[in-house]
Amino acid sequence: MTTATATQDTKPDTHVKTKARNRKRWESARTYVFAALIVFWCLLPAYWMVVTAFRDVGFTYDSTPFFSHVTLDNFRAAFSTDTGNHLTRALINSLIVGVITTVISLLFGILRRMRWHALTSAPSTWSWGSSWPPRCSPAWRW
Amino acid sequence: MSTEPQSGAAAKTDQPSSRKDEKEVSHRKEATQGRAASMLIVPSIIVLTIVIVYPVIAAVFQSFQKDAGLDKATGLFVAGGFAGLANYKHWILQQCTAGGVTVPCPPGTLGAQFWSSIGTTFFFTVATVVLETAIGFGMAVIMARTFRGRGLLRASVLVPWAIPTAVTAKLWFFIFAFEGIANKIFGTTILWSGSANPARAVIIIADVWKTTPFMALLILAGLQIIPGDVYEAAKVDGVTAWQRFVHITLPLVKPALMVAILFRTLDALRMYDLPQIMTGGANNTTTLSILVVQEIRSGNFNSASALSTITFIVIFLVALIFVKFLGVNAVETTTVSGKGKAK
């Protein structure tokens, strides 16, 4: 008697358990599929850019999905100044502009943060950089 | 001590502190507010005046100026002077001057493109923001789950965002070239830059590719502040996944979501580089910003100022609608009543 009831009790129990396990497995499989989709969607165009960059000019529109006709000519062409392009100069310019604007905005930004805290919050809540990086919580302030 | 990082939530609970702390607090308050604070504001205000206030006022001022030119009656060269609303009428009412007479702008001129470029700008804005919100939400939901390789997912999502827009434009330009990979994969022979709809589709795809990660990260940040026990409680009550999404996720993520949509919309309304590089504004892909630059390039600085002022007002109105009528709270904390109303 007792054994019979025991088996009767455990049977549906294990059934539920396997069902739950299957569902979990199914859920995680779905997660991985979507994650893979996102990764491909984000990386494929960028990958294609890199592949094209290393490809011989005559084969720019070749549809081989992997690296083919590999050459560094494109990079040489990009950095050469023969055609009036000054990529090196442009890179240096970008660097200069980037560094100087960062330093200046940081300088005034720091002053402003100090102002913010001094005016809007009791010093006990002083927390440097609490709103940076922007977490976009409802409490996010500019 | 008081400068040590503290989360906002912990600070808000206002735990009764010891007397010594309170004394220090009031002392600190005296020292930091008042004169010191205003001294700290001054440099910021000066910089903001130089880089924001002055250019805006100068542009608005210029938009009310007449072009310098020859005076018909005297044949002398005269400086501009006040033009009234002529520059604005030129765009909004499509009034062009031909030989001193006001006529409706002939098709093909920059002036005639005003309304179509407004339409294009709003079309791009609505299309990209809707797609980016939908896809970004999906991405955020996936990114919020815990699974192996989540780091890889989050890193790869940042790639499109990290590539400069000009490079993105060229990248998709190559993919959607006539001989490009897109035509080969789909077996089509579409000249993507040849007519309005394919050109617009390509620009929208490129923009969605580039900016969806931004949306996804903002929404992810919103998702992560939802406490997990809410979901657990719902699960215990036997709530389906869809009900959990509609009645828990959506209302709780709404403030962050609306801020993300607001930012994206304002950003999309001034879209310039993608269409400019991919099509140069051909085939009805001229946005307002492109029109402004074209007007500047043709030398009409005053009417270009008027157009950029109009663009500014349009964007401002859209922001106003978001903040006033849709209740987006980008600046202040959400009120409790607002949360209660959100079902």
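Numbering of residues begins from 1 in every chain and follows the order in which that chain's sequence is written. Key to labels: chains lettered from A, ligands numbered from 1, both in the order written. Residue-level local features of this predicted model are given only where pLDDT is at least 70; pairs of side-chain atoms are given and counted only at 80 or more, and the full residue set underlies all totals for whole chains, interfaces and linings. Side-chain figures throughout are based on the complete set of non-hydrogen atoms in the structure, without hydrogens or water.

J.: Please set out the overall build of chain B residue by residue, giving values where relevant.
T.: A count of helices and strands for chain B gives 15 helices and 4 strands. For the exposure calls, accessible area comes from a 1.4 Å probe over protein chains only, and a residue counts as buried if that area is under 20% of its type's maximum, exposed if over 50%, partly exposed in between. Among the 343 residues that make up chain B, the fraction classed as buried is 37%. Nonlocal contacts in chain B, meaning residues at least 24 apart in sequence, comprise 64% of its contacts between residues at least 6 apart. A total of about 19,300 Å² of accessible surface is found on chain B, and carbon and sulfur atoms cover 67% of it. Secondary structure elements are taken from DSSP: a helix is a run of H or I of four residues or more, a strand is a run of E of two residues or more, and numbering for both begins at the N terminus. Whether two residues are in contact is decided by their heavy atoms: any pair within 4.5 Å suffices. Surface exposure here means Shrake-Rupley accessible area, sampled with a 1.4 Å probe, where a residue is shielded only by the protein chains that are shown.

J.: Let's hear about unusual backbone geometry: which residues, and what values?
T.: Of note, H69 of chain A is a non-glycine position whose phi angle comes to about 50°, a positive value. Mapped onto the elements of the fold, H69 of chain A is located in the loop between α1 (2-53) and α2 (73-79). A relative accessible area of 37% means that H69 of chain A is categorised as partly exposed. Phi angles above zero are rare outside glycine, and N283 of chain B is one such case at about 55°. Relative to the elements of secondary structure, N283 of chain B occurs in the loop between α12 (273-278) and α13 (288-297). By relative accessible area, which is 29% here, N283 of chain B ends up partly exposed.

J.: Mind laying out the confidence of the model for chain A, listing which residues take part and the relevant values?
T.: All names here are of chain A. Per-residue confidence from the predictor is given as pLDDT, running between 0 and 100. Across chain A, pLDDT averages 74, with 68% of residues at or above 70. Mean pLDDT values for the elements of chain A range from 77 in α1 up to 87 in α2. Considering only residues more than four positions removed or in separate chains, one finds that residues 1-9, a stretch of pLDDT under 50, has 0 contacts. Scored below 50 in pLDDT, residues 121-142 makes 49 contacts in the model with residues more than four places away or belonging to other chains.

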